[in-house]
Amino acid sequence: MSTFSSQGVLLVALALLAGCTAGSAPPPQDSGTITIVFKHGKFAGDPEAFTALLRDFERRTPGVVVKEEVLPASTDQQHQFYVVNLEGRSVAFDLLAVDVIWAQEFARAGWLAELDHLLQPAEREDQFPEMIRAATYAGRLYAIPWYMEAGLLYYRRDLLERYGLAPPRTWPELVAAVHAIQRGERDPGLQGFLWQGKQYEGLVCVAHELAWGGGADLLEGGADAAQAVSFMRRLVGEAVSPASVATADEETTRRLFGAGRAIFMRNWSYAWTLLQQDGSPVRDKVGLAPLPAFPGHESVSALGGWLLAVPKRAAHPREAQALIRYLTSPEVQRRLTLDLGYQPARRDLYRDAALMEAKPWLRDLLPVLSAARSRPVTPYYLTLSHILQPELSAALVAAKSPEEALASAKRQVGALLGSRPWERG
Amino acid sequence: MNGRDGHRGASRRGISERAWGALFAGPALFLVGLLALAPLLGAVWLSFHRRLPIFGISEFAGARNYWLLWGDERFWAACRTTLHFTGLSVAAELFLGLGLALLLDRVLNGRAAEARWVQAAVLIPWAVPTVVSAQMWSWLYHPDYGLLNYLLQATGLVSSPINWLDDPVRALHAAVLMDVWKTTPFAALLLLAGLKTIPRDLYLAARADGAGRWAVFRHLTLPLLLPVILIVLVFRTMDAVRIFDAVYVLTGGGPGNGTETLSIYAYKTLFQTLQFGYGSTLATAMFLVVLALTAGYLLLLRRHLREIAS
């Protein structure tokens, strides 16, 4: 009968693994050579370019070899890997890439080493304050910002120009633009506004942005927040967005927009480079703008991005920290931007004339990144998100009213964590 | 059976053989215990704790988690979803699998070379890794460029594309359809093997007695196939109750938790929100559901075997 419950057993076995086993031993070493293992998610850009950077680091740091171990692109799977592997006596990797929403959790769990000494007060001036806030727990810095992401509005410049329209600044303007262009184009295959509505973290980001852009707070609830959620539903109801957004994630929307099948798209900054690469049907036809807001409010994007951290029980913390210094240095950040199309985590680089010449779109990005807001910075973030995900999804597909969904989310958060736990840190 | 009608020498050897048997089976039993039983007991142990590493909490909680479980709407919804999924998909797989098995048995009777090819072809959906087939189906279901909508529109059955996954009820049935596509071949092959064990003479005799096709199926094939049917039911039910990867890739449990099965809920609780104690409680509850269903089937199977024996 044991085979019949192998799923349960597997879950249990994994739970036990997380609970008590040590990770596998660090790789064997040649005499004098130290191998550091670097875990990170799959890159959207060219992995060769990144590997070249690591080889460069090895040349500059004799006796150190860097081994990359790439995790799946799905952030949920990466999170699971870290959770299962960080709670051991020894950890089989020395450096890891941490999503901004995990940093507090990992630091709270005691899995990360303090890295205060890596960023001197003067160096912190070059960083984005929201990234530093995400990486700071109980007054200590546990991770160093690596690269940035923020929610943006992508639009088809050619189509907007054809109808004499400017990029929309408010949501009603976006709805009007979609109607005008769809009426004029008479192309049933051309969708209006694409965004991420699948029951996952992406939906939570979109909903936060809509609420913030109306001066509301999702977890606070109330009429304004409910209005943001019902606007999400209206987009689909009024065919501004196709029904398929309710099941769409970043890549689904990026592909559809990238095939020239939509006028607008909300997506992270990573999509820009992919949309502009050789062979893309929308190359040079895409424009970029801050997300619209509701009339009378400021546009606010959700802040995304990745940090570098060292496990507390890493075998070679000193060498791992040297690699962090290298990867976050202005010079390498510039190469990451040029070769991989990543958005540097250093504010000073956005003032670098040569870099802005080569990647002019970063100039437009700076105000968005500077104004981008963190999702609640708390060790309990994933619990909050997993409460919000099904509720928002239910509201989106009209299984619940927006008011009901938000009230239910607030009730669950209260039952699990008490009131406004994200503010207690 | 065991030695009741055997003579003395045999029974004495039987005891020593049993001892030898136990000795040889010992390491295997130990391994099974270590690999299957120990983690299971570990989970049950954890399920009585409140354990959240990020809170730094690890304490004995008694039956508190089970009390929470009792009042947990999401758990009961996941139970309903899981049982709905299981009931529908297993019924459809058995029904279609039986049809397919009868067809294969009839068409391929005696033609060994073709039989091998057809059997291999039929098995393809089952051989495709679940995650891959789930991704494939998510493309088939896609409202804008999915093949399913294209076919429905091309044949004029629907006027505008249907989004199969944007409605909780529709999405759950889309998941059932995917599972049926994937595992019907497995049911069919087991049933086909069962059909092959029925002696052909019986059919000839029935024909000679003037039984019609339906009568042969109803009074000969079905009763003789029943043990295999029960085995298929047991296997498929256990698999369907534990369904995780297929649905997780297809919908992530959404929309609105409409497709959240017990495993998905347990997975999210354990590995996304790190509630190891309560997550283990969910896993244990799921194990109990599986155990209850298995026990029911085994009782059914045993009674049936006894009837056949008598």
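Participant: Now, about the overall build of chain B: what can you tell me, with residues and values included?
Facilitator: On a plain count of helices and strands, chain B comes out with 12 helices and 2 strands. Shown N-terminal to C-terminal, the secondary structure of chain B runs as helices and strands in the order α-β-β-α-α-α-α-α-α-α-α-α-α-α. For chain B, the C-alpha radius of gyration of 24 Å lies well beyond 19 Å, the compact-globule estimate for 310 residues. By its C-alpha atoms, chain B is 70 × 70 × 30 Å across when sized along the principal axes. The burial tally for chain B puts 45% of its 310 residues in the buried class. Counting contacts in chain B only where the partners sit at least 6 residues apart, residues at least 24 apart contribute 66% of the total. Just so you have it, chain B exposes about 16,700 Å², and 69% of that area is on carbon and sulfur atoms. Positive and negative side-chain charges of chain B, numbering 26 and 18 respectively, have mean locations separated by a distance of 9 Å.

Participant: Could you give an account of the packing of helix α4 (residues 112–127) of chain B against helix α7 (residues 168–196) of chain B, with specific residues and numbers?
Facilitator: Residue and element names in this part refer to chain B. Relative orientation of the contacting elements α4 and α7 amounts to 140°, with a least axis distance of 6 Å. Between α4 and α7, the crossing angle belongs to the class labelled oblique. Seen from above, α4 lies across α7 with left-handed handedness. Packed against α4, whose contacting residues are Gln 119, Val 122, Leu 123, Pro 125 and Trp 126, the element α7 presents Trp 181, Lys 182, Thr 183, Pro 185, Phe 186, Leu 189 and Leu 192 at the interface. Taken together, the residues of the contact of α4 with α7 sort by class into 9 nonpolar, 2 polar and 1 charged.

Participant: Any chance you could break down the pairing of strand β6 (residues 144–156) of chain A for me, citing the residues and the numbers?
Facilitator: Residues and elements named next belong to chain A. Extensive coverage of β6 is indicated by the burial of 13 of its 13 residues. Relative to strand β10 (residues 303–309), β6 runs antiparallel, the two being bridged by 6 bridges. In the sheet register, Met 148 faces β10, and the bridge partner there is Gly 305. When β6 meets strand β11 (residues 343–344), the two strands line up antiparallel, connected through 2 bridges. Directly across from Tyr 147, in β11, lies its bridge partner Pro 344. Both β6 and strand β8 (residues 262–268) contribute to a ladder of 5 bridges, which runs antiparallel. Looking across to β8, one finds that Leu 153 is bridged to Arg 266. For β6 and strand β9 (residues 286–289), the ladder comprises 4 bridges, and the chain directions are antiparallel.

Participant: Describe in detail the nonpolar core, supporting the description with residues and values.
Facilitator: If you look at the biggest cluster of nonpolar residues, it comprises 206 residues, and the most contacted ones within it are Phe 38, Phe 50, Phe 106, Trp 146, Tyr 154, Phe 264 and Leu 323 of chain A. Membership of the second largest hydrophobic core comes to 11 residues, among which are Phe 75, Ala 266, Ala 285 and Met 286 of chain B.

Participant: I'd love a proper account of the confidence of the model for chain B, names of residues and values included.
Facilitator: Residue and element names in this part refer to chain B. With 95% of its residues at a pLDDT of 70 or more, chain B shows a mean pLDDT of 87. Within chain B, no element has a lower average pLDDT than helix α1 (residues 8–46), which sits at 82, and none a higher one than α7, at 94. Two summary scores accompany this predicted model of the complex, namely pTM at 0.82 and ipTM at 0.73.

Participant: If you had to explain empty space enclosed by the protein to someone new, which residues and values would you point to?
Facilitator: Residue and element names in this part refer to chain A. Summed over the entire model, instances satisfying the criterion amount to 4 cavities of 30 Å³ or more. Quantified by volume, the largest cavity comes out at close to 90 Å³. Lining the largest cavity are Val 100, Ile 101, Gln 104, Ala 134, Leu 303, Ser 374, Arg 375, Pro 376, Val 377, Thr 378 and Tyr 381. In terms of residue class, the lining of the largest cavity is built from 7 nonpolar, 3 polar and 1 charged. By volume, the second largest cavity amounts to about 60 Å³. What lines the second largest cavity is simply Trp 171, Phe 193, Trp 195, Val 206, Glu 209, Leu 210, Leu 235, Arg 266 and Leu 291.

Participant: Before we move on, could you go through a nonpolar patch on the surface and cite the residues and values that matter?
Facilitator: Residues and elements named next belong to chain B. A contiguous nonpolar surface patch, about 450 Å² in accessible area, is contributed by Phe 30, Leu 31, Leu 34 and Leu 35. Relative to the helices and strands, Phe 30 is located in helix α1. Given the relative accessible area of 58%, Phe 30 is considered exposed.

Participant: Explain the environment of Ile 229 of chain B residue by residue, including any values.
Facilitator: Residues and elements named next belong to chain B. In this fold, Ile 229 is placed in helix α9 (residues 213–241). For the pair formed by Ile 229 and Gly 194, sequence separation is 35 residues and the distance between their alpha carbons is 8.4 Å. When sequence neighbours within four positions are dropped, the list of residues in contact with Ile 229 reads Leu 94, Leu 191 and Leu 222.

Participant: I'd love a proper account of the layout of surface pockets, names of residues and values included.
Facilitator: There is about 1,300 Å³ of room inside the second largest pocket. Elements supplying a minimum of two residues to the lining of the second largest pocket: α17 (381–396) and α18 (402–417) of chain A together with β1 (49–52), α2 (64–70), α3 (73–108), α7, α11 (262–272) and α12 (276–309) of chain B. Per-element accounting of the lining of the second largest pocket gives the leading share, 7 residues, to α3 of chain B. The residue inventory of the lining of the second largest pocket, partitioned by class, reads 18 nonpolar, 17 polar and 12 charged.

Participant: Summarise unusual backbone geometry; cite the residues concerned and give the values.
Facilitator: Of note, the bond from Gly 254 of chain B into Pro 255 of chain B is cis; its omega dihedral lies within 30 degrees of zero at -10°. Structurally, Pro 255 of chain B is set in the loop between α10 (245–251) and α11. In this structure, Ala 138 of chain A takes a positive phi of about 50° despite not being glycine. Structurally, Ala 138 of chain A is set in the loop between β4 (136–137) and β5 (140–141). A relative accessible area of 69% means that Ala 138 of chain A is categorised as exposed. Phi at Leu 274 of chain B takes a positive value of approximately 60°, unusual for a residue other than glycine. Here Leu 274 of chain B is to be found in the loop between α11 and α12.

Participant: Now, about the packing of α3 of chain B against α11 of chain B: what can you tell me, with residues and values included?
Facilitator: Residues and elements named next belong to chain B. It is the contact of α3 with α11, at a shortest axis distance of 8 Å, that shows an interaxial angle of 145°. Residues Arg 74, Phe 75, Ala 78, Cys 79 and Thr 82 of α3 form the contact with α11, whose own contacting residues are Leu 262, Tyr 265 and Lys 268. Residues belonging to the contact of α3 with α11 are distributed by class as follows: 5 nonpolar, 1 polar and 2 charged.

Participant: Explain the interface of chain B and chain A to me, using residue names and the numbers behind them.
Facilitator: It is common to report an interface's size as the accessible area lost on association of the parts. Contacts between the two partners involve 54 residues from chain B and, on the opposite side, 49 residues from chain A. Here chain B packs against chain A, burying approximately 4,100 Å² in sum over the two surfaces, 65% of which is carbon and sulfur. Three residues stand out in chain B for area buried against chain A, namely Ile 54, Phe 271 and Gln 272 of chain B, and they jointly supply 17% of the buried area on that side. The tally of links between chain B and chain A comes to 9 residue pairs in polar contact (both at pLDDT 80 or more). Secondary-structure elements contributing two or more residues to the side of chain B that touches chain A are α1, α9, α10, α11 and α12 of chain B. Of the residues that constitute the side of chain B that touches chain A, the class distribution is 33 nonpolar, 15 polar and 6 charged.

Here is what the cut-offs are and how they apply
- Residues numbered from 1 in each chain as written.
- Chains lettered and ligands numbered in written order.
- Predicted model: local features only at pLDDT ≥ 70, side-chain atom pairs only at ≥ 80, totals over all residues.
- Heavy atoms only, no water.
- Helix = DSSP H or I, 4+ residues; strand = E, 2+ residues; numbered from the N terminus.
- Rg over C-alpha atoms; globule rule 2.2 N^0.38 Å.
- Buried < 20%, exposed > 50% of the residue type's maximum accessible area, 1.4 Å probe, protein only.
- Contact = heavy atoms within 4.5 Å.
- Areas by Shrake-Rupley, 256 points an atom, 1.4 Å probe, with all protein chains shown as cover.
- Lys, Arg positive; Asp, Glu negative; His and termini not counted.
- Charge placed at Lys NZ, Arg CZ, Asp CG, Glu CD.
- Axes fitted to C-alpha atoms, helices over the stretch in contact; angles between N-to-C directions.
- Parallel < 35°, antiparallel > 145°, perpendicular 65-115°, else oblique.
- Left-handed = near helix turned anticlockwise from the far one by under 90°.
- Nonpolar A, V, L, I, M, F, W, Y, C, P; charged D, E, K, R; others polar.
- Pairing = 2+ DSSP bridges.
- Core = buried A, V, L, I, M, F, W, Y, C linked by side-chain atoms within 4.5 Å.
- pLDDT = per-residue confidence, 0-100.
- 1 Å grid on protein atoms, 1.4 Å probe; cavity = no way out; pocket = protein on both sides within 12 Å on 5 of 7 lines; lining within 4 Å.
- Points joined across faces, edges and corners; volume = space filled by probe spheres on them.
- Patch = residues over 30% accessible without salt bridge, like charges linked within 9 Å, V, L, I, M, F, W, Y side chains within 5 Å.
- Salt bridge = Lys/Arg side-chain N within 4 Å of Asp/Glu carboxyl O.
- Buried area = accessible area lost by both parts, 1.4 Å probe.
- Polar contact = N/O pair within 3.5 Å; in protein donor to acceptor, adjacent residues only side chain to side chain.

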